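# Architecture and fold: a report
Residues per chain are reported as follows:
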Amino acid sequence: MGSFHSRSEEVQELADKTGFTSDQIEHLHRRFKQLSGDQPTIWNLRQAPGGLADEINFEDFLTIMSYFRPIEMDMDEEQLDRFRKEKLKFLFHMYDSDHDGKITLQEYRKVVEELLSGNPHLEKESARSIADGAMMEAASICVGQMEPDQVYEGITFEDFLKIWQGIDIETKMHVRFLNMETIPHCH
């Protein structure tokens with residue numbers, strides 16, 4: 001964030017853009033500084049030839065984190081539905097790396113392999129099998145019984161919404177802000 005002179009103005013603009021309070025923005029800024037080593041950007045969050053950024057600044061970080069902000073208790077059903085769809089659209093785009101409106105088996109395999117790559121007990125072939133099984137499940141939910149020669153082209157956003165139906169994404173996918181002053185620090 002900029003100099004002290006324009007800081008409150010900048011924080012207000014970020015609050016308007018993201019829906020976070022100024023306290024939450026300050027908290028996330030401290031976390032960003034920890035993650036970046038006090039640098040203006042974080043590098044290599046996800047290396048992908050599909051155009052995803054290799055580095056992000058604080059505003060980008062805040063925008064991404066805004067998809068994970070907690071629901072507000074005074075939201076009506078329409079607002080809650082829009083909030084849910086925004087979160088799911090963000091998730092969908094994480095998988096749809098070529099931005100063609102479909103999550104293909106190859107795209108899904110790549111994400112699953114990335115997510116599971118840190119597990120030394122899981123081989124790449126196992127991750128591939130997990131992805132293949134999940135894609136078959138998605139096809140059965142979205143298309144129903146398929147003919148043996150029928151090919152499932154991939155998960156559209158409408159399919160993605162069907163898959164996530166009944167799952168409480170609003171409360172499972174959110175940032176939890178702790179009051180750091182009340183937590184004892186270990187030395």
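As the structure is a prediction and not an experimental result, all values here were calculated from the model.

### Description of the environment of M135
In this fold, M135 is placed in helix α6 (residues 124-142). Those residues in contact with M135 that lie beyond four places of it in its chain are I103, T104, L105, Y108, Y152 and I155.

### A closer look at the pattern of salt bridges
For the coordinates displayed, the defined rule picks out seven salt bridges. For D81, the salt bridge is made with K85, and the minimal N-O distance between the two is 3.6 Å. One end of the pair is D81 and the other is K85, both in helix α4 (residues 77-95) and four residues apart, which spans about a single turn.

### A look at a negative patch on the surface
A cluster of like negative charges, contributed by E72, D74, D76 and E77, occupies part of the molecular surface. Relative to the helices and strands, D76 is located in the loop between α3 (58-66) and α4.

### What to know about the packing of α4 against helix α7 (residues 157-164)
The interhelical angle for the contact between α4 and α7, taken along N-to-C directions, is 115°, at an axis separation of 10 Å. The handedness of the crossing between α4 and α7 comes out as right-handed. Seen from α4, the contacting residues are R84, K85, L88, K89, L91, F92 and Y95; seen from α7, they are F157, F160, L161 and W164. Here the residues of the contact of α4 with α7 sort into eight nonpolar, no polar and three charged.

### Observations concerning unusual backbone geometry
Phi at D38 is positive, roughly 65°, even though this residue is not glycine. Structurally, D38 is set in the loop between α2 (22-36) and β1 (41-43). Judged by relative accessible area, which is 52%, D38 ranks as exposed. At H99, a position not held by glycine, the phi torsion is positive, near 55°. Considering the arrangement of structural elements, one finds H99 in the loop between α4 and α5 (105-116).

### A look at α6
For α6, built from 19 residues, the straight-helix expectation of 27 Å at 1.5 Å per residue is met to within 8% by its first-to-last C-alpha distance of 27 Å. Turning to α6, its buried residues number three or more, namely A127, A131, M135, A138, A139 and C142. Considered in projection along α6, the buried side chains sweep an arc of 115° and stay on one side of the axis. With respect to the buried face of α6, the exposed residues turned more than 90 degrees away are E125 and M136. The secondary structure elements touched by the buried residues of α6 are α5 and α7. Positive phi shows up at G144, right after α6, with a value of about 90°.

### A word on the confidence of the model for the protein
For the protein, per-residue confidence averages 81 on the pLDDT scale, and residues scoring 70 or more make up 85% of the total. By mean pLDDT, the top-scoring element of the protein is α7 (91), and the lowest-scoring one is helix α8 (residues 169-172) (74). Within the model, pLDDT remains below 50 along residues 46-51, and this stretch shows 11 contacts once partners closer than five positions in the same chain are excluded. This stretch, residues 180-187, has a pLDDT under 50; its non-local contacts, to residues over four places away or in other chains, come to three contacts.

Reading the values: rules and limits
Residues numbered from 1 in each chain as written. Predicted model: local features only at pLDDT ≥ 70, side-chain atom pairs only at ≥ 80, totals over all residues. Heavy atoms only, no water. Helix = DSSP H or I, 4+ residues; strand = E, 2+ residues; numbered from the N terminus. Contact = heavy atoms within 4.5 Å. Salt bridge = Lys/Arg side-chain N within 4 Å of Asp/Glu carboxyl O. Patch = residues over 30% accessible without salt bridge, like charges linked within 9 Å, V, L, I, M, F, W, Y side chains within 5 Å. Areas by Shrake-Rupley, 256 points an atom, 1.4 Å probe, with all protein chains shown as cover. Lys, Arg positive; Asp, Glu negative; His and termini not counted. Charge placed at Lys NZ, Arg CZ, Asp CG, Glu CD. Axes fitted to C-alpha atoms, helices over the stretch in contact; angles between N-to-C directions. Left-handed = near helix turned anticlockwise from the far one by under 90°. Nonpolar A, V, L, I, M, F, W, Y, C, P; charged D, E, K, R; others polar. Buried < 20%, exposed > 50% of the residue type's maximum accessible area, 1.4 Å probe, protein only. Expected span 1.5 Å × (residues − 1). Arc of directions from axis to C-beta. pLDDT = per-residue confidence, 0-100.

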